[in-house]
Amino acid sequence: RAAPGAPPPNPAALPSPPPPVPDARSVFLDLAYTLAPLPAAPMAPRRADQRVGYFTDGFRDLATDTGGDRRTHYIARWRLEKKDPAAAVSEPKEPIRVVMDRNIPPAWRDAVRAGILEWNKAFERAGFRQAIAVEQQADDADWSSVEGTRLLAVRWFAMEGPGAVAVGPSQTDPRTGEILRGAAIIPENWVRLFRTRAGDSPPRMPPTQGAVHGSHDGHDGHEAHDGTLCENAQAALQQAQFTFALLVERGAMAAEGPEADRFIAGALKDVVMHEVGHALGLRHNFRASTGVTQAQLRDARFTAERGVSNSVMDYNALNTPLASEPPAEYHMSTLGAYDYWAIEYGYRQWPAADEARELAALAARADHDPSLAYGTDEDLVANNDPLINQRDLGDDPMAFARRQLALSRELWDLTQARQLAADDDMTVYRRNLERGLAGLSAAVPMLTKYVGGSFTSRAVAGSRQPLVAPVPAAQQRQALDILLREVFASASFRFDPAFLSRLGIDQFDRFAPDRPPTSPDFSLASAVAGIQRAALDQLMSDTKAVRMADAETQVADPRTLPSYAEVQERLSAAVWSELQGRGPSRTIDSLRRNLQR
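Residues numbered from 1 in each chain as written. Predicted model: local features only at pLDDT ≥ 70, side-chain atom pairs only at ≥ 80, totals over all residues. Heavy atoms only, no water.

**Quick word on the overall build of the protein**
In terms of helices and strands, the protein carries 17 helices and 11 strands. Expressed as a percentage of its 597 residues, the buried residues of the protein come to 50%. When the accessible surface of the protein is summed, it comes to about 27,900 Å², and 54% of that surface belongs to carbon and sulfur atoms. (Helix = DSSP H or I, 4+ residues; strand = E, 2+ residues; numbered from the N terminus. Buried < 20%, exposed > 50% of the residue type's maximum accessible area, 1.4 Å probe, protein only. Areas by Shrake-Rupley, 256 points an atom, 1.4 Å probe, with all protein chains shown as cover.)

**Describing the packing of helix α10 (residues 397-416) against helix α12 (residues 473-487)**
When two helices pack together, their arrangement is given by the angle between the helix axes and by the axis-to-axis distance. At their nearest, the axes of α10 and α12 sit 11 Å apart, and the two run at 15 degrees to each other. Taken together, α10 and α12 sit at an angle that is classed as roughly parallel. The two elements α10 and α12 meet at a crossing, and its hand is left-handed. Contacts between α10 and α12 involve Met398, Arg402, Leu405 and Arg409 from the first element and Gln475, Gln478, Ala479, Ile482, Arg485 and Glu486 from the second. In the contact of α10 with α12, the residues fall into 4 nonpolar, 2 polar and 4 charged. (Axes fitted to C-alpha atoms, helices over the stretch in contact; angles between N-to-C directions. Parallel < 35°, antiparallel > 145°, perpendicular 65-115°, else oblique. Left-handed = near helix turned anticlockwise from the far one by under 90°. Contact = heavy atoms within 4.5 Å. Nonpolar A, V, L, I, M, F, W, Y, C, P; charged D, E, K, R; others polar.)

**Notes on a nonpolar patch on the surface**
Among the surface-exposed residues, Leu29, Leu31, Tyr33 and Leu35 lie close enough to one another that they form a single nonpolar patch of about 580 Å² accessible area. Within the secondary structure layout, Leu31 lies in the segment before β1 (56-60). Assessed through its relative accessible area of 62%, Leu31 is described here as exposed. (Patch = residues over 30% accessible without salt bridge, like charges linked within 9 Å, V, L, I, M, F, W, Y side chains within 5 Å. Salt bridge = Lys/Arg side-chain N within 4 Å of Asp/Glu carboxyl O.)

**Let's talk about the packing of aromatic side chains**
The full count for this structure, using the stated rule, is 10 aromatic pairs. Measuring from ring centre to ring centre gives 4.9 Å for Trp412 and Phe495, while their planes differ by 75 degrees; the resulting arrangement is edge-to-face. Residue Trp412 is located in helix α10, and its partner Phe495 is located in the loop between α12 and α13 (497-500); the two are separated by 83 residues in the primary sequence. When its relative accessible area of 3% is taken as the criterion, Trp412 is described as buried. We classify Phe495 as buried; its relative accessible area is 12%. These aromatic residues form a ring-pair network of at least three members: Trp412, Tyr429, Phe495 and Phe499. Over the face of the ring belonging to Tyr340 we find Arg125, whose NZ or CZ atom lies 4.0 Å from the ring centre. (Phe/Tyr/Trp six-rings, centres within 6.5 Å; stacked < 30°, edge-to-face > 60°. Lys NZ or Arg CZ within 6 Å of the ring centre and 35° of its normal.)

**Details of the nonpolar core**
The biggest cluster of nonpolar side chains holds 103 residues, and the ones touching the most others in it are Ile116, Trp119, Phe123, Leu280 and Phe488. Looking at this core element by element, the count peaks at 9 residues for helix α11 (residues 427-448). Residues Ala240, Phe244, Leu247 and Leu318 belong to the second largest nonpolar core, which totals 8 residues. (Core = buried A, V, L, I, M, F, W, Y, C linked by side-chain atoms within 4.5 Å.)

**Quick look at the environment of Thr543**
Following the sequence through the fold, Thr543 ends up in helix α15 (residues 542-551). Residue classification places Thr543 among the partly exposed residues on the basis of a relative accessible area of 45%. Along the sequence, Thr543 and Asn384 sit 159 residues apart, while their C-alpha atoms lie 9.9 Å from each other.

**Topic: helix α14 (residues 524-539)**
Here α14 spans 23 Å end to end across 16 residues, near enough to the 22 Å set by a 1.5 Å rise per residue. Restricting attention to buried positions, one finds in α14 the residues Leu524, Ala527, Val528, Ala529, Ile531, Gln532, Ala534, Ala535, Leu536, Gln538 and Leu539. The elements touched by buried residues of α14 are α11, α12, α13, α15, α16 (564-575) and α17 (590-596). (Expected span 1.5 Å × (residues − 1).)

**A short note on the environment of Phe493**
The topology assignment puts Phe493 in the loop between α12 and α13. Overall, Phe493 belongs to the buried group, its relative accessible area being 3%. Leaving out residues up to four positions away in the same chain, Phe493 has contacts with Trp412, Leu437, Leu440, Glu486, Val487, Leu524, Val528, Gln532 and Leu591.

**Observations regarding the confidence of the model for the protein**
Residues of the protein with pLDDT of at least 70 account for 84%, and the chain-wide mean is 86. The low-confidence segment residues 193-202, where pLDDT is below 50, has 33 contacts with residues more than four positions distant or belonging to other chains. (pLDDT = per-residue confidence, 0-100.)

**A few points about unusual backbone geometry**
In terms of backbone geometry, most residues other than glycine have negative phi values and most peptide bonds are trans. Positive phi is not limited to glycine here, since Arg391 has a value of about 65 degrees. Notably, Arg464 is not glycine yet its phi reads approximately 55 degrees, a positive angle. Here Arg464 shows up in the loop between β10 (454-456) and β11 (468-470).

Following this line, the structure appears as structure tokens:
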């Protein structure tokens, strides 16, 4: 930082090429450093267990020479001590102090506060009453009042356009794993992009799950508690916009009014619970949603009391009903069974002599209780388990994928039939078309993971469970059937030509310095080819071939599983079906030609 009174640096002297900002001078920053001594009396550490998802501080004990594993992992957690050590439930000597940013709009502070305080339910079950104390930052306070140790700040930041992410960073004492300070940082897009002109920016196509792709949230392959960048906000926002648009098109909800406000508040509470969970020490759990049945998801009472998933630490989809179904809870509105159990593992106190035994017994519940199943970022990226996904719901991800396909088509049908007022622009047509394509695209990896996939477990030896079990052949073939019928068929992407000629764009946002101008033309063929290419990349990959070959060694009779050759034969027959048999030549449309090419 320049000395007081010194002139600003010459922009011409900045590195070339200049940063992608309108004015190179806008990149100058002020940096603030918060320095504090480590606690004089270290907190008692708690060892991690692979079945419970906490961030950890790890080290190797080089003084150990008795064999075994030299590594030690302590979970990241806040220091909580009971005022009354003898009481089953006691207030803490010092609660976790949470300060809400003054920039949170007053209209949404109740939703944010509710998302924070929801965690007190789990702490009370673990023995601490009012473990979290929330206060509102004064309107005239300096930003530094939400910086410091022994404090969890819930911050609010403005960001224009897509790409908003939420952050749940924390810093720990490396000796013990004690969380010294943390934050949950929420993008304000949540309360702005739902309105009548919601989501002027087109949706992003999701990356193929199960493949190694870019680190979109800082931990698709890596997750560090000192910088937990989490894409839950962006992904949840996009799906919430899809459901909001569908409900508006159905006439089930007005774009403005109390019901829309309740929908937004529910979405906001959901994302706040997730990010505060990170700041309390918890990692993602992308398997949690599979512990709730499809029937329970349609039960309004069940979803209100238990949630739509077993954890807020999943990237839970919205519980969107089909047109023929009554609504239940749309959002994850409360903590799930896994959240209560994980907080108990991290924070319940026992006599020192009993702690190791009690923790082992508590963790062992996961070996047999499906509501406590856990799978995190590395499980999502580095294996092919169809039960570990982002943005799904229920114990049958294949059924969820089929629902998503149906919902996308319903949004298209309703949008094509929509009559606009004379002075409306037509951007809604393009936005809803692209939202449906994004929803369909998100369903594809949920299906491809079944083909050659395996169910995995984090169980220990005492559970007597296999760690890897190939997906049954019937499920593999069923998933392939859906892909061939729904994704590779041109009939899935038929639209009224008059509709495709009215796909409006935002004329005031066509040009930006960091991207080429938006074209008024929309290439349906290119969009469909992108979805189909992602499916082909998975079904024809070397990795898929290796996994299917390896699966043959994990079952008594390899003939009970579909082979890679069978998958390729069925895929080839479906893609080139126009050339099968004799008879007059058939016209092959552009979507099929793209697929065949």
